[in-house]
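Descriptive analysis of the structure
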Amino acid sequence: GENVEQHPSTLSVQEGDSAVIKCTYSDSASNYFPWYKQELGKRPQLIIDIRSNVGEKKDQRIAVTLNKTAKHFSLHITETQPEDSAVYFCAASRWGNQGGKLIFGQGTELSVKP
Amino acid sequence: EAGVVQSPRYKIIEKKQPVAFWCNPISGHNTLYWYLQNLGQGPELLIRYENEEAVDDSQLPKDRFSAERLKGVDSTLKIQPAELGDSAVYLCASSQTRDQEETQYFGPGTRLLVL
């Protein structure tokens, strides 16, 4: 069935360093890839997303890249800050015919040390 | 604009008891989702509504779980009877699929503990 693998499960970086989280999806028809940030006890919040018709998208310190051929996409956070510490989830969906069912990865716990 | 609202935020019950969760989506959002999030894992879809129609309930354990969205706005998710393994966070999300908008906005969730 549909599956999204996310790595690493935990990531610890020093403040100011970059962080990279990688995801691989199984459904080649997936065309929408959001990233959510979830702080402890809080709701998942969308931080960036990308559609299958583009290969890269950037928003200030956050960027996402997509390789459709290899079926993987990555989140890049530059100049990390302690407030970036949270669990990050990637997701994939086949938007359109089957609506918006999101298949989530297992999550990456990011810790940014001051 | 208010976000997705869920209640209660926390619920503790004994096994075999019934429990219900309520969700009010963002105003104007026609699509509503219920997700289950186990500790340390990503959310998993239970059911998706387009207006009042359940268009994807393939992951909903229908022997004990039920859901409704009678007027195409608020929704209720029920478990009867609850089992120990149902302890988790139940998240509601909504989106405006009518205008081809994919973004799903999540509520704060209901944290359920079954004893």
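Residues numbered from 1 in each chain as written. Chains lettered and ligands numbered in written order. Predicted model: local features only at pLDDT ≥ 70, side-chain atom pairs only at ≥ 80, totals over all residues. Heavy atoms only, no water.

Residues and elements named next belong to chain B. The strand order β1-β3-β8-β7 describes an open sheet built from four strands, whose pairing is antiparallel. In this open sheet, the two strands that pair with only one neighbour each are β1 (5-7) and β7 (65-68). For this sheet, the mean angle separating the axes of adjacent strands, direction not counted, is 15°. By the bridge criterion, three bridges tie β1 to strand β3 (residues 19-24) in an arrangement that is antiparallel. Looking at the pairing, Val-5 lines up with Asn-24 of β3. (Pairing = 2+ DSSP bridges. Helix = DSSP H or I, 4+ residues; strand = E, 2+ residues; numbered from the N terminus. Axes fitted to C-alpha atoms, helices over the stretch in contact; angles between N-to-C directions.)

What follows concerns the layout of surface pockets. Quantified by volume, the largest pocket comes out at close to 630 Å³. Lining the largest pocket are 32 residues, with Gln-38, Leu-40 and Gly-41 of chain A together with Leu-39 and Gly-40 of chain B sitting closest to its centre. Elements with a minimum of two residues in the lining of the largest pocket: β9 (86-92) and β11 (108-113) of chain A together with β9 (88-95) and β11 (110-114) of chain B. Considering every element that reaches the lining of the largest pocket, the biggest residue donor is β11 of chain B, with four residues. Taken together, the residues that form the lining of the largest pocket break down as 13 nonpolar, 14 polar and five charged. If you add up the space inside the second largest pocket, you get close to 290 Å³. If you go around the second largest pocket, you meet 18 residues; those closest to its centre are Ile-103 and Phe-104 of chain A together with Pro-43, Glu-44 and Leu-45 of chain B. (1 Å grid on protein atoms, 1.4 Å probe; cavity = no way out; pocket = protein on both sides within 12 Å on 5 of 7 lines; lining within 4 Å. Points joined across faces, edges and corners; volume = space filled by probe spheres on them. Nonpolar A, V, L, I, M, F, W, Y, C, P; charged D, E, K, R; others polar.)

Let's shift gears to the pattern of salt bridges. Where charged atoms from two side chains of opposite charge approach closely, those side chains can pair. Within the structure shown, the criterion is met by nine salt bridges over all chains. Across the salt bridge formed by Arg-94 of chain A and Asp-27 of chain A, the nearest N and O atoms sit 2.9 Å from each other. Taken together, the residues Arg-94 of chain A in the loop between β9 and β10 (103-104) and Asp-27 of chain A in the loop between β3 (19-25) and β4 (32-38) connect sequence positions 67 residues apart. For Arg-94 of chain A, a relative accessible area of 28% puts it in the partly exposed group. One salt bridge in this structure joins Lys-62 of chain B and Asp-57 of chain B, with 3.8 Å as the shortest N-O distance. Among the residues examined, Asp-57 of chain B registers a relative accessible area of 29% and is labelled partly exposed. What you see here is one network of salt bridges that share partners, running through Arg-64, Glu-83 and Asp-86 of chain B. (Salt bridge = Lys/Arg side-chain N within 4 Å of Asp/Glu carboxyl O. Buried < 20%, exposed > 50% of the residue type's maximum accessible area, 1.4 Å probe, protein only.)

Scope: geometric values only; no functional claims are made or implied.
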